[in-house]
Amino acid sequence: IAVAGHAIAAVVQAVQPRLPANTGNPVPAIAAAFALIAGAGLLNLWGTLTTVSRMPIPDSLPPALALLERYGVTGTHYARTLAAVQLAYALVILGTALLLAVAVRDKRRWARVVSAVLAGTALFYALNAGTGTQTLAAALALAGAAITFTKGAAPWFRRRVIAMQPLSPQRHQTKPHHHV
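Reference entry: report on the structure contained in this document. Worth saying up front: this structure is predicted, and the values here are computed from it rather than measured.

Procedures and definitions
Residues numbered from 1 in each chain as written. Predicted model: local features only at pLDDT ≥ 70, side-chain atom pairs only at ≥ 80, totals over all residues. Heavy atoms only, no water. Helix = DSSP H or I, 4+ residues; strand = E, 2+ residues; numbered from the N terminus. Buried < 20%, exposed > 50% of the residue type's maximum accessible area, 1.4 Å probe, protein only. Salt bridge = Lys/Arg side-chain N within 4 Å of Asp/Glu carboxyl O. Axes fitted to C-alpha atoms, helices over the stretch in contact; angles between N-to-C directions. Parallel < 35°, antiparallel > 145°, perpendicular 65-115°, else oblique. Left-handed = near helix turned anticlockwise from the far one by under 90°. Contact = heavy atoms within 4.5 Å. Phe/Tyr/Trp six-rings, centres within 6.5 Å; stacked < 30°, edge-to-face > 60°. Lys NZ or Arg CZ within 6 Å of the ring centre and 35° of its normal. Expected span 1.5 Å × (residues − 1). Arc of directions from axis to C-beta.

Thoughts on the overall build of the protein
Okay, step 1: For the protein, the count of helices and strands is 6 helices and 0 strands.
Okay, step 2: Starting at the N terminus, the α and β elements of the protein follow one another as α-α-α-α-α-α.
Okay, step 3: By the burial criterion, 24% of the 180 residues in the protein qualify as buried.

Concerning the pattern of salt bridges
Okay, step 1: Scanning the entire structure with this criterion turns up 1 salt bridge.
Okay, step 2: Here R105 and D106 are joined by a salt bridge, their closest N and O atoms 3.7 Å apart.

Considerations on the packing of helix 3 (residues 27–53) against helix 6 (residues 132–147)
Okay, step 1: Closest axis-to-axis distance for the helix 3/helix 6 pair is 8 Å, and the angle between their directions is 165°. The angle between helix 3 and helix 6 falls in the class roughly antiparallel. As helix 3 runs across helix 6, the sense of the crossing is left-handed. Residues A29, A32, A33, L36, I37, A40, L43, N44, W46 and G47 of helix 3 form the contact with helix 6, whose participating residues are T133, Q134, L136, A137, L140, A141, A143, G144, A145 and I147.

Some words on the packing of aromatic side chains
Okay, step 1: In total, this model carries 0 aromatic pairs according to the counting rule given.
Okay, step 2: Looking at K107, its charged tip hangs above the ring of W156, at a distance of 4.6 Å from the centre.

Considering unusual backbone geometry
Okay, step 1: Even without glycine at this site, K107 takes up a positive phi of about 65°.
Okay, step 2: Position of K107 among the secondary structure elements: in the loop between helix 4 (75–105) and helix 5 (109–129).

A closer look at helix 5
Okay, step 1: A rise of 1.5 Å per residue sets the reference length of helix 5, with its 21 residues, at 30 Å; its end C-alpha atoms lie 30 Å apart and thus fit the reference within 8%.
Okay, step 2: Buried within helix 5 we find A111, R112, S115, A119, L123 and A126. One side of helix 5 holds all its buried residues, which, seen down the axis, span an arc of 90°. Set apart from the buried face of helix 5 by more than 90 degrees, the exposed residues are V117, F124, N128 and A129.
Okay, step 3: Looking at the packing, one finds that the buried side of helix 5 touches helix 3, helix 4 and helix 6.

Regarding the packing of helix 5 against helix 6
Okay, step 1: At a closest axis distance of 8 Å, the pairing of helix 5 and helix 6 adopts a crossing angle of 155°. Compared by their axis directions, helix 5 and helix 6 come out roughly antiparallel. Seen from above, helix 5 lies across helix 6 with left-handed handedness. Across the interface between the two elements, S115, A116, A119, G120, A122, L123, A126 and L127 of helix 5 pack against Q134, T135, A138, A139, A141, L142 and A145 of helix 6.

A look at the environment of L123
Okay, step 1: Along the chain, the position of L123 falls in helix 5.
Okay, step 2: Taking the relative accessible area as the measure of exposure, L123 reaches 17% and is therefore buried.
Okay, step 3: Residues in contact with L123, not counting those within four places in the same chain, are T135, A138, A139 and L142.

Here you go:
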């Protein structure tokens, strides 16, 4: 354990001078945040696909929905509907993650706040009711959002002040008017 601790300390000391906070270059931090946020959406979709592919197909409906059997709804219809809803939900999460990742990359300050709130909420939900894959995806998204609040990423989101330069006087050349 002591050897691993020394190895980690050596890696940290070697990497620290190259961190965005020390170089003034926020691009690596933003690239990492982009990858983590977008990757979280992809990981969530992958986890949903694997879960849906392993779902058993029941022979009959759950007792609470047995009334639907009168209308021709079977256990297969029910399982396929649940799978479609889960996939649609995962696609919405993927789209949201990609939107937020692109907005962070495009220097939108609102995106880092929204991504942090959504990732924190997703992690809270996943820890209480989610799968391991959902928990990992939410943790990755939260890590990506947290990176955007670091000292190294701060210059990326600063307001850009456009310096106004006085306009040079321009002469308008006009044709002389003829008076009749």
